[in-house]
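Listed here are the chains, written in short residue letters.
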Amino acid sequence: MNTYLEEFIESLSEKHSSQNTIESYKRDIQVFECYYQDLHLQSMNDFSKDMAEEYIKVLSISGKAQTTITRNLATLRSFYKFLILHQYVKANPFSGIKLKKESKKLPQILSGKEVELLLEQPDTSDIKGIRDKAMLEVLYATGLRVSELVCLKITDINLEMGFVRCVSGENERIVPLYPLAVKALKNYLQYSRKLLVTNEDETALFLNHSGDKLTRQGFWKIIKKYQVSAGIEKSITPHTLRHSFAAHLLENGADIKAVQEMLGHSDISSTQIYTQYIKNKFKNVYTKYHPRA
């Protein structure tokens, strides 16, 4: 199998696969090789589909993450396709194997009180605090991805009409702003941004202390700082306000298709995960308060 592996890796290099991809494939196949050798088969054609399914079970039993198992399966399918193409084997034992779907983990959602507490943390007597307040309000008002938030340009906001234009790749969407978010943005533009900007040609809406566009990493540090000062025990990431935005809208009766459009989800199944949060919340309320629950 060593010879086959070398040829396979060489073929990946010829296809200009990244070094990370090549190393990943190599590791997966080397682990499989150890398992294969312990079977003492006469040839690779003797490795059956039942054996392939057993190997996948072994990976699972050994504690491998579902994502790792999925990657291993994809690697070995590709490897055997290569072997079939070069007539080293007759069939692909990993073809047709289906993994159990891993249940989607519900995202972290803040309660309404926790959101309010977080939004109260920035010191609005300070230019950075004014900026941070605006960013947090816009994030919760719109449900933008953090990458979309930091890429906003001044021309993407319309404070008179109260909306944000978000351009992501070839897609564009318009998301409303609630009045407090509009007020926070007005304060930022009037009192903070003009003191942060060092280049009049800079079009980015949110700037760092050097006058450059704020980065995702920079905003990560900002939101973690306010989590600590707010005393919120839940682990908050920049994506947490996006999740909370969606869950709170649905909780208060918003149409799921409207929420899907505001989030920029191409598939409604991505939005439906938030309905599970609402179902769980109702179930907990029922269990807690129904006299016979």
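Residues numbered from 1 in each chain as written. Predicted model: local features only at pLDDT ≥ 70, side-chain atom pairs only at ≥ 80, totals over all residues. Heavy atoms only, no water.

### Some points on the overall build of the chain
Line of reasoning, step 1. Looking only at helices and strands, the chain features 12 helices and three strands.
Line of reasoning, step 2. Here the chain has a C-alpha radius of gyration of 26 Å; the compact-globule value for 293 residues is 19 Å, and the former is much larger.
Line of reasoning, step 3. Over its C-alpha atoms, taken along the principal directions, the chain stretches across nearly 75 × 65 × 35 Å.
Line of reasoning, step 4. Here the chain holds 293 residues, and the buried ones make up 40% of them.
Line of reasoning, step 5. Nonlocal contacts in the chain, meaning residues at least 24 apart in sequence, comprise 58% of its contacts between residues at least 6 apart.
Line of reasoning, step 6. Of the roughly 17500 Å² that the chain leaves accessible, carbon and sulfur atoms contribute 50%.
Line of reasoning, step 7. Each charge class in the chain was averaged separately, 40 positive and 34 negative side chains, and the resulting centres sit 6 Å apart. (Helix = DSSP H or I, 4+ residues; strand = E, 2+ residues; numbered from the N terminus. Rg over C-alpha atoms; globule rule 2.2 N^0.38 Å. Buried < 20%, exposed > 50% of the residue type's maximum accessible area, 1.4 Å probe, protein only. Contact = heavy atoms within 4.5 Å. Areas by Shrake-Rupley, 256 points an atom, 1.4 Å probe, with all protein chains shown as cover. Lys, Arg positive; Asp, Glu negative; His and termini not counted. Charge placed at Lys NZ, Arg CZ, Asp CG, Glu CD.)

### Looking at the sheet that holds strand β1 (residues 157-158)
Two strands in a sheet stick together by hydrogen bonds in their backbones, pointing the same way (parallel) or opposite ways (antiparallel).
Line of reasoning, step 1. With respect to topology, three strands assemble into an open sheet ordered β1-β2-β3, the strand pairing being antiparallel. The open sheet terminates on both sides in strands that have one partner only, identified here as β1 and β3 (171-176).
Line of reasoning, step 2. Of the pairings in the sheet, the one linking strand β2 (residues 163-168) to β3 comprises six bridges and is antiparallel in character. Each bridged residue has a counterpart across the sheet, and for Arg-165 the counterpart in β3 is Ile-174. (Pairing = 2+ DSSP bridges.)

### Details of the confidence of the model for the chain
Fine structural detail should not be taken from predicted coordinates in areas where pLDDT scores are low.
Line of reasoning, step 1. Overall, the prediction assigns the chain a mean pLDDT of 91, with 98% of residues at 70 or greater.
Line of reasoning, step 2. By mean pLDDT, helix α12 (residues 268-289) is the weakest element of the chain at 82, and helix α6 (residues 127-142) is the strongest at 97. (pLDDT = per-residue confidence, 0-100.)

### Brief notes about α12
Line of reasoning, step 1. The terminal C-alpha atoms of α12 lie 32 Å apart, and with 22 residues this matches the ideal 32 Å at 1.5 Å per residue to within 8%.
Line of reasoning, step 2. Inspection of α12 places Thr-271, Ile-273, Tyr-274, Tyr-277 and Ile-278 among the buried residues, and these make up the whole buried set. Mapping the buried residues of α12 onto a view down its axis gives an arc of 145°, with all of them on the same face. Of the exposed residues in α12, those oriented more than 90 degrees away from the buried face are Lys-279, Phe-282 and Lys-283.
Line of reasoning, step 3. Buried residues in α12 make contact with α10 (240-251) and α11 (256-263). (Expected span 1.5 Å × (residues − 1). Arc of directions from axis to C-beta.)

### Considerations on the side chain of His-243
Line of reasoning, step 1. As for its placement among the helices and strands, His-243 is situated in helix α10.
Line of reasoning, step 2. Relative accessible area serves as the criterion here: at 16%, His-243 is assigned to the buried category.
Line of reasoning, step 3. Once you skip the residues sitting within four places of it in the chain, His-243 turns out to touch Pro-107, Gln-108, Ile-109 and Tyr-274.

### Description of the pattern of salt bridges
Line of reasoning, step 1. Per the counting criterion, the structure on display carries eight salt bridges.
Line of reasoning, step 2. For the salt bridge of Arg-173 with Glu-148, the shortest nitrogen-to-oxygen distance reads 2.8 Å. You can see Arg-173 sitting in strand β3 and its partner Glu-148 sitting in helix α7 (residues 146-150), a full 25 residues away along the chain.
Line of reasoning, step 3. A relative accessible area of 11% places Arg-173 in the buried class.
Line of reasoning, step 4. Among the ionic pairs, Glu-172 bridges to Arg-165, the shortest N-O distance being 3.5 Å.
Line of reasoning, step 5. Of the residues examined, Glu-172 reaches a relative accessible area of 51% and is grouped as exposed.
Line of reasoning, step 6. By sharing partners, the salt bridges in this structure join Arg-145, Glu-148 and Arg-173 into a single network. (Salt bridge = Lys/Arg side-chain N within 4 Å of Asp/Glu carboxyl O.)

### Focus: the pairing of β2
Line of reasoning, step 1. As defined by bridge partners, β1 adjoins β2 across two bridges and the pair is classed as antiparallel. Within β2, the position partnered with Asn-158 by the bridge is Phe-163.
Line of reasoning, step 2. Taking the residues that link successive antiparallel strands as the turn, the β1-β2 hairpin has four residues, and the phi of Gly-162 there is positive, at about 75°.
Line of reasoning, step 3. Following β2, the chain reverses through two residues before pairing antiparallel with β3; Gly-169 in that reversal takes a positive phi of roughly 65°.

### Some details on helix α9 (residues 216-230)
Line of reasoning, step 1. Along its 15 residues, α9 runs 21 Å from first to last C-alpha, staying within 8% of the 21 Å computed at 1.5 Å per residue.
Line of reasoning, step 2. Of the residues flanking the end of α9, it is Gly-231, one or two places downstream, whose phi is positive at about 70°.

### Some thoughts on unusual backbone geometry
Leaving glycine out, the prevailing phi sign among residues is negative, and the prevailing peptide bond configuration is trans.
Line of reasoning, step 1. In the Ramachandran plot, His-16 falls in the positive-phi region, its phi being about 65° despite a non-glycine side chain.
Line of reasoning, step 2. One can find His-16 in the loop between α1 (2-14) and α2 (19-38).

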